[in-house]
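For reference, the chains in residue letters:
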Amino acid sequence: MNGPRSVGRTLLTTVLAAIVLFGIGLGIRHGGGTDRVRDITTRLRCPVCQGESVADSPSKNAQEIAVLVRQQVDAGWTTPQIEQYFVDRYGSFILLDPPRSGSTLWLWIAPVVAVTVGLIAVISRLGRSRRRTWTMSSAAALGLSSMVLLVILGAGERTGRAGDMPAAPPVTIPGATSDGSGRDLSTVTETEMEAVIAKNPNVIGMRLALVERYLNAGDIDAAYHHTSVAIDLPASDQEYEHALRLHGWTTALKGAPASGAEYLRAALTLSPDDRDARWFLANVEWHGLGNAAGAKEQLATLTAASVGADQQRKIDALVADITSGTGGGIMTATPAASAP
Amino acid sequence: MRRGRLLVALLCGAAVMLLALAGFVALGRRDQSAASRLIGKPMPTLVMTDAESGESFALAAPGRILVVNFWAPWCVPCLGEHRMLNAAAATLDSDHVALVGIAYQSDQAAISTFLNKVGRTVRSLQDVDGRASIEFGVTGVPETFVVDQYGIVRGQISGPISQSQLLDLIAAVTNTPATGSSANVAP
């Protein structure tokens with residue numbers, strides 16, 4: 001059954017398959033296309049995009065990378081040199097295809113193994129014949145030569161493994177925040193405050209005090225108008241942080257919780273122990289974004305800051321809401337008047 | 001015979017699932033290592049321009065600790081962070097630590113508007129052609145690198161850095177002995 005002709009055919013098939021696959025592999029490896037820049041940028045990931053290649057992304061960053069690749073090609077760099085340049089800076093993350101080496105070699109071999117095993121399984125169901133033996137031998141040879149080729153191609157590649165990120169220390173700065181305005185405005189009406197601000201547009205302390213009044217009265221539009229102005233005014237660090245906090249909160253109340261959360265995080269970057277900003281952020285995370293984990297993280301930080309009994313009750317009430325799923329994704333102005 | 005085939009099929013299925021699992025594990029590790037390639041390597045050396053005056057500025061190892069912060073006028077977290085960096089720069093010993101901001105994908109008007117809001121204690125450079133962000137492997141703003149006095153990148157923080165993180169990194173770099181590394185070569 002397995003005569004000399006059958007063995008000869010099997011050998012011939014194996015050699016031909018290996019030659020064809022080796023040629024394809026070389027083409028892939030050395031970018032045999034007419035436009036090498038297009039070829040390389042198609043395989044580079046746009047670092048600031050979501051799973052898009054540099055070639056396909058319209059972002060400015062992708063365009064800048066494409067310009068640099070063009071310069072490197074013109075300067076005579078080989079494709080592996082250019083890829084290595086980007087891997088050295090961004091890690092193997094920058095390559096859309098995983099490297100054919102190290103732990104990612106399995107990603108390339110697995111489909112070959114699966115197809116080969118599948119072919120053999122299908123053929124084994126055919127009746128006994130010379131043709132079946134010949135086809136099975138061919139499938140096995142093809143699979144084996146493909147795997148050998150992948151290993152050979154991968155041998156020249158780097159592993160592309162980056163070092164670990166340094167561990168971030170906990171963010172805790174002692175001290176308390178204050179409003180910074182130093183004014184007693186309790187006896188002044190909103191109308192009077194508006195008149196003063198109209199005459200002195202750069203007086204940020206009074207503007208922020210007015211925002212808090214509007215927030216407590218539920219007039220979100222008026223509050224938002226003033227916070228939008230306040231974040232562009234000359235201010236001390238404390239005033240600026242206060243403006244960021246109030247603008248973040250009012251932005252969230254105006255229906256843009258993701259943007260509001262960013263302003264609140266900016267305020268916390270400037271002053272990590274600002275309990276009001278953290279309380280607002282916890283509320284925005286839960287009521288605005290429905291992010292239970294994010295809200296709990298902020299509340300845990302607040303609790304760790306040893307707040308008073310009344311304040312802890314408010315925190316506990318929000319934790320209970322989150323645990324029971326109450327009010328997730330529903331933004332209300334209520335917490336503004338009761339920040340711990 | 002049928003039982004044998006069933007066993008073979010099950011074994012094949014298990015093998016494929018194991019391979020898939022190995023793939024997921026490998027990909028997961030790869031994504032986690034997407035940052036910090038420059039750690040332990042020399043910082044890129046670049047000639048840049050001051051974001052407002054247009055003067056040339058050599059971004060190179062200055063013989064003191066260098067903090068390089070990438071920011072952009074449209075980046076909201078950069079607002080608070082840059083204020084903090086300006087405040088920190090005013091208190092740090094300038095003979096020991098230098099802070100430099102690099103404006104990422106920004107035009108001069110937007111840079112000036114941003115600096116009017118947050119202050120100018122930290123020197124701001126403009127990444128005109130995006131080369132600095134590519135050389136540092138920046139994937140978004142804000143992103144901060146800490147370089148030791150020998151020009152080796154020692155720390156990297158993606159996202160806004162807090163004052164305590166900044167001071168801790170500077171302290172860690174101050175107390176770390178120098179080690180050699182391969183050079184970065186740009187075309």
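In this text, all values refer to a predicted model and were calculated from it rather than measured experimentally.

A. Quick look at the overall build of chain A. Along the backbone of chain A there are 14 helices and zero strands. Start at the N end of chain A and walk to the C end: the helices and strands fall as α-α-α-α-α-α-α-α-α-α-α-α-α-α. Taking all 340 residues of chain A together, 42% fall into the buried category. Relative to all contacts within chain A whose residues are 6 or more apart in sequence, the contacts with residues 24 or more apart total 60%. For chain A, the exposed area adds up to about 16,600 Å²; of that, 59% sits on carbon and sulfur atoms.

B. Representation of the confidence of the model for chain B within the structure. All names here are of chain B. On average, residues of chain B score 83 in pLDDT, and 80% of them reach the 70 mark or higher. Per-element mean pLDDT across chain B ranges from 63 in helix H1 (residues 2-32) up to 96 in strand S3 (residues 65-71). With pLDDT under 50 throughout, residues 28-34 is counted as low confidence; its partners more than four residues away or in other chains account for 12 contacts. Predicted confidence is poor over residues 180-187, with pLDDT under 50, and the contacts of this stretch with residues over four places away or in other chains come to 22 contacts.

C. Representation of the state of the cysteines in the model. Residues and elements named next belong to chain B. The tally for this structure, following the rule as stated, stands at two disulfides over all chains. Disulfide partner of Cys75: Cys78, at an S-S distance of 2.1 Å. Its torsion about the S-S bond being 90 degrees, the disulfide of Cys75 and Cys78 is classed as right-handed. Accessibility expressed as a relative area gives 1% for Cys78, which makes it buried.

D. Main features of unusual backbone geometry. Residues and elements named next belong to chain B. Cis geometry marks the peptide bond from Val141 to Pro142, where omega comes out at -5 degrees. Here Pro142 shows up in the loop between helix H4 (131-135) and strand S6 (143-147). Although it is not a glycine, Gln105 sits at a positive phi angle of roughly 45 degrees. Within the secondary structure, Gln105 sits in the loop between strand S4 (97-103) and helix H3 (108-118). Given the relative accessible area of 18%, Gln105 is considered buried.

E. Quick look at the environment of Val7 of chain A. All names here are of chain A. Counting through the fold element by element, Val7 comes out in helix H1 (residues 4-30). Among the residues examined, Val7 registers a relative accessible area of 44% and is labelled partly exposed. Residues Val7 and Trp134 lie 127 residues apart in sequence; the distance between their C-alpha atoms is 8.4 Å.

F. Structural detail: the pairing of strand S1 (residues 46-50) of chain B. Residues and elements named next belong to chain B. Note that S1 and strand S2 (residues 56-59) share four bridges and pair antiparallel. Directly across from Val47, in S2, lies its bridge partner Ala58. In this antiparallel pair of consecutive strands, S1 and S2, the connection spans five residues, and Gly54 shows a positive phi of 80 degrees. Of the pairings in the sheet, the one linking S1 to strand S5 (residues 123-126) comprises two bridges and is antiparallel in character. Note that in S5 the partner of Asp50 across the bridge is Leu125.

Definitions and limits used
- Residues numbered from 1 in each chain as written.
- Chains lettered and ligands numbered in written order.
- Predicted model: local features only at pLDDT ≥ 70, side-chain atom pairs only at ≥ 80, totals over all residues.
- Heavy atoms only, no water.
- Helix = DSSP H or I, 4+ residues; strand = E, 2+ residues; numbered from the N terminus.
- Buried < 20%, exposed > 50% of the residue type's maximum accessible area, 1.4 Å probe, protein only.
- Contact = heavy atoms within 4.5 Å.
- Areas by Shrake-Rupley, 256 points an atom, 1.4 Å probe, with all protein chains shown as cover.
- pLDDT = per-residue confidence, 0-100.
- Disulfide = S-S within 2.5 Å.
- Pairing = 2+ DSSP bridges.

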